[in-house]
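A closer look at the structure
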Amino acid sequence: MASTNNVNATSSFPSEKPQPAPTFNAIYNLPTIENTTERGRLDFQHTALRIALGSLYAAPELVKARLASRKDANPMVLDIGTGSGIWAESMALEFPNAEVIGVDLTLVPADPNTPPNCKFESRDANDGFADFAEQFDVVHARSVSAGIRDQDQFVRDVARILKPGGVFLWSVGDMYLHTENYEQLPCVEEGQEGWCAMHAIFTQTREEMLQQGRSGVNTINELQPNLKKNEFFTYLGQKDVYCPIGPWKEDTPETPWKQVGELFALNASRIVQSLGSLLVQSGRDKETIDRWLATAKKEIQTCNPKTQARFRHAWAVRNDVEWAPAAADAPERD
């Protein structure tokens, strides 16, 4: 896994270090983890979110109780959209009594440092997990919504693989950036007051996703209603975490925000570069996108404007209602 010690956002903007052209996944809309830059970005993001959240996972008391050692069988954890595998491996280290499986479209490369109680598989979450029925005590999904075709079906599929009493941890990043005062940046034209190149790249990507019919664009606002309306879950809560982009936020006794900012500056610089490439491939004007990327680089380096990325973490518990396929489910998913 990539080291996140002593990072420096101003010297690590990807355009300064030539990289091979990224290979985009048609479902995920971002480079695959075969690209080392993308693997590193995911690790930076993971570390920043872990620090900002104050834990490897939301609802820590609930998760720890569910994964406590027991005599009948080892508890099991599934990480959907595992990316570089860093969350799954971290869980395996924290809970050596548990069996942890990470799944993603691209198989995580073999690593001799992977804990023995952690393994990886190549799977598409859109295909469901029929062979995993009622196997897991905790299911974790972070930043996967852009690749999920049907959010309601996804929640049903997660319910199918959780044991009664199992915990679902669902985290989503906002496609809108926020100010230092936790307000959404305005969506204005270039040249107008309040315009931000980073925000423009994110919002244009959002527009592109909407044109493609992606259901995950507004998922951050749908976590609670999707979990509450599902008959197989008891919704318990959610928490928003705001990560500064750049080291502009002062540390507190609880959180080293400057470190979070450095890590998220690296994350942002790499993701806007990837999204810029995606927008050009989708037919957007290359000269405009190149200009926005150059401006975004300056924004990240100077922390001007001061921006934050919002992540929402929601959690729910599988109830005792017996799982059954929805009427619209395709026969092959049963």
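Here the structure is a predicted model, which means the values were calculated and not measured. (Residues numbered from 1 in each chain as written. Predicted model: local features only at pLDDT ≥ 70, side-chain atom pairs only at ≥ 80, totals over all residues. Heavy atoms only, no water.)

What follows covers the side chain of Thr82. Mapping Thr82 onto the fold places it in the loop between β1 (76-80) and α3 (86-94). Thr82 sits in the buried class, given a relative accessible area of 7%. With residues near it in sequence (within four places) discarded, Thr82 still touches Ala88, Gly102, Val103, Asp104, Val108 and Phe120. (Helix = DSSP H or I, 4+ residues; strand = E, 2+ residues; numbered from the N terminus. Buried < 20%, exposed > 50% of the residue type's maximum accessible area, 1.4 Å probe, protein only. Contact = heavy atoms within 4.5 Å.)

Note on placement: Ala326 falls in the segment after β8 (307-318). Residue Ala326 is classed as partly exposed on the basis of its relative accessible area, which comes to 25%. A C-alpha to C-alpha distance of 8.4 Å links Ala326 and Gln153, two positions 173 residues apart in sequence.

Between helix α5 (residues 197-211) and helix α8 (residues 286-302), the least distance of the axes is 7 Å, while the angle of their chain directions is 130°. If you check the angle between α5 and α8, you find them oblique. Contact residues: Ala197, Met198, Ala200, Ile201 and Gln204 in α5; Trp292, Leu293, Thr295, Ala296, Glu299 and Ile300 in α8. In terms of residue class, the contact of α5 with α8 is made up of 8 nonpolar, 2 polar and 1 charged. (Axes fitted to C-alpha atoms, helices over the stretch in contact; angles between N-to-C directions. Parallel < 35°, antiparallel > 145°, perpendicular 65-115°, else oblique. Nonpolar A, V, L, I, M, F, W, Y, C, P; charged D, E, K, R; others polar.)

This next bit is on the nonpolar core. Counting 59 residues, the largest nonpolar core has Tyr57, Val63, Val77, Met91, Met198, Ile201 and Phe264 as the members making the most contacts within it. Per-element tally for this core: the top contributor is helix α7 (residues 257-281), with 12 residues. Leave out the neighbours within four places in its chain, and Met198 touches Leu177, Ile245, Ala268, Val272, Ala296, Glu299, Ile300 and Thr307. Residues Leu78, Phe132, Val172 and Leu227 belong to the second largest nonpolar core, which totals 31 residues. (Core = buried A, V, L, I, M, F, W, Y, C linked by side-chain atoms within 4.5 Å.)

A separate point is the pairing of β8. For β8, the tally of buried residues reaches 12 of 12 residues, placing the bulk of the element in the interior. Burial of β8 is two-sided: the residues Thr307, Ala309, Phe311, His313, Trp315 and Val317 facing one way and the residues Gln308, Arg310, Arg312, Ala314, Ala316 and Arg318 facing the other way are all buried. Relative to β8, strand β5 (residues 162-173) runs antiparallel, the two sharing 7 bridges. When the bridges of β8 are listed, Ser171 appears paired with His313. Here strand β7 (residues 233-244) pairs with β8 via 11 bridges, running antiparallel. Across the sheet, Lys239 pairs through a bridge with His313, a residue of β8. (Pairing = 2+ DSSP bridges.)

What follows deals with the pattern of salt bridges. Applying the stated rule across the entire model yields 16 salt bridges. A salt bridge links Glu231 to Arg156, with the nearest nitrogen and oxygen atoms 3.1 Å apart. Taken as a pair, Glu231 in the loop between α6 (223-229) and β7 and Arg156 in helix α4 (residues 151-161) lie far apart in primary sequence, 75 residues in all. Accessibility expressed as a relative area gives 39% for Glu231, which makes it partly exposed. One salt-bridge network, in which partners are shared between bridges, spans Arg66, Arg70, Asp72, Asp137 and Lys163. (Salt bridge = Lys/Arg side-chain N within 4 Å of Asp/Glu carboxyl O.)

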